[in-house]
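Structural overview
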Amino acid sequence: MLRPRLIVLLLLFFLFAAPPPLAAAETRILAATFPLWLVARNVVRDVPDLRVDLLIPAGAGCPHNYALSPRDLLRLAGADILILNGGGLDAYIPRMARNDPAAGEKSPRILEAAAALRGHARANPHFFASPSLSALLAERMGAALAEQDPGHAQLYARNAGAYAREMRELARQFAALGNRLGHPSILVQHDVFDYLAADAGLTVAGAIQIHEGQEPSAARLLSLRGQLRGVAAVVLEPQTPDRAGRMLAEEGGVPLVLLDPVAAGPEDAPLEYFSQVMRHNLQALESALGNP
Ligand SMILES: [Zn+2]
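Everything quoted here is computed from the prediction, not taken from an experiment.

Details of the environment of Pro108
Mapped onto the elements of the fold, Pro108 is located in the loop between strand 3 (81-84) and strand 4 (109-112). Considering only alpha carbons, one finds Pro108 and Asp80, 28 residues apart in sequence, at a separation of 4.6 Å.

Regarding the coordination of the zinc ion
Summarising the metal site, the zinc ion is bound by the protein donors Cys62 (SG), His64 (NE2), His126 (NE2) and His190 (NE2), whose distances to it range over 2.0 to 2.2 Å. Coordination at the zinc ion is tetrahedral, judged from the four donor atoms that bind it and the angles of 105 to 121 degrees they form at the metal. Spacing between the donor residues of the zinc ion along the chain follows C-x1-H-x61-H-x63-H. Note that His64 is positioned in the loop between strand 2 (50-54) and helix 3 (70-77) and His190 in the loop between strand 5 (185-188) and helix 7 (194-200), a separation of 126 residues in sequence. Judged by relative accessible area, which is 25%, His64 ranks as partly exposed. Of the residues examined, His190 reaches a relative accessible area of 2% and is grouped as buried.

Describing the sheet that holds strand 6 (residues 203-207)
Strand order in the open sheet formed by four strands is 6-5-7-8, with parallel pairing between adjacent strands. Each end of this open sheet is capped by a strand with a single partner; those strands are strand 6 and strand 8 (256-258). The sheet shows a mean angle of 30 degrees between the axes of neighbouring strands, taken without regard to direction. Pairing of strand 5 with strand 7 (residues 233-236) involves three bridges; the strand directions are parallel. Bridge pairing in strand 7 places Ile186 opposite Ala233.

Criteria and thresholds
- Residues numbered from 1 in each chain as written.
- Predicted model: local features only at pLDDT ≥ 70, side-chain atom pairs only at ≥ 80, totals over all residues.
- Heavy atoms only, no water.
- Helix = DSSP H or I, 4+ residues; strand = E, 2+ residues; numbered from the N terminus.
- Donors = N, O, S within 2.8 Å, 3.2 Å for Na, K, Ca; no water.
- Tetrahedral: all angles 85-135°; square planar, octahedral: opposite > 155°, others 65-115°.
- Buried < 20%, exposed > 50% of the residue type's maximum accessible area, 1.4 Å probe, protein only.
- Pairing = 2+ DSSP bridges.
- Axes fitted to C-alpha atoms, helices over the stretch in contact; angles between N-to-C directions.

By themselves, these observations are geometric and do not establish any function.
Dropping the structure here:
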C-alpha cells in the first residue's frame, strides 16, 4: 500500500506536470465580423472548453473591402466553426474555408448568418444593426451550436433566449420611439440602417454613398440635395467619412444624427456592448427629432 506522503507527491506530480486537460478538445469558433462576434459570445456564455475569436479586426468597420492577412488565413485554418455574415459582405473569405470537400476534414463547419435569416432579411447584408434580427440570429445560432454540441444544448438555448429577449425589448423601444416621432424619413450615409430603420418605423429616403467609404460625386450630391426635401434627419456613422453628409445637412437645414450600426467597436467590448450602443442610438434619435 502506498504511504500517504507518496500519494500526495504523486497527486502533486500529476496536477502540475500533466499537460492542461482538455486543451486539445477546445472548440474554436471564429466569428468573421465584430457584430457576429458579440452575438456568438453571448450565445456561448458559460459553455466550457470553447472560445470565440474575431477574424476581421474589431475596429475595421463595415468590412466590405477588408483584405485578409496571412495571419487571418492561419486562424481560419485553425477554426472548428466559422460564423460568416454572408449576403456578399464577407465574400472574400476564401473558398478553402467554406464547406468544400476538397479542403478535407480540417475545413471548419460554416454557420452563415444570412442563410440563417433567410426569409427575414432581404438582399441587404447589414441585418446585424437591427435588434429584432439580432434576436432571431441569436436563436438560430444557439440552435445550430446545440446541434454541433448537444451536450450543452440547454445552455445554448438559455443564453440565446436571454439575449433574444433583450434584443426584442430594444426593438420594442425603437418601435415606440418611431411612433412617437411620427415615422420620420432619414437620409443615411450608407445602406447599413435599413433594418434598424424598419425596427423603428423610419423611412430610408436614400443613401449618400453608393460604395461604402466613398464620398459621392458632384452630380450625385446634386441629386441627393433634391432628395433632402421631406427628410427629417441626415444619419451619419461614427466610422465612415461623412464630409458630404455634413455638407448636405447644413445646406438643407436638416438635423444631423450620429447613429452607430455596431459594425465595429473596441477589441475588449463587453458582452452587453450592442445594447449599450443601441440605447445611445435611441437617445441620439430622441434628442435630434423628439422636440420639433
Ligand atoms: Zn456596410
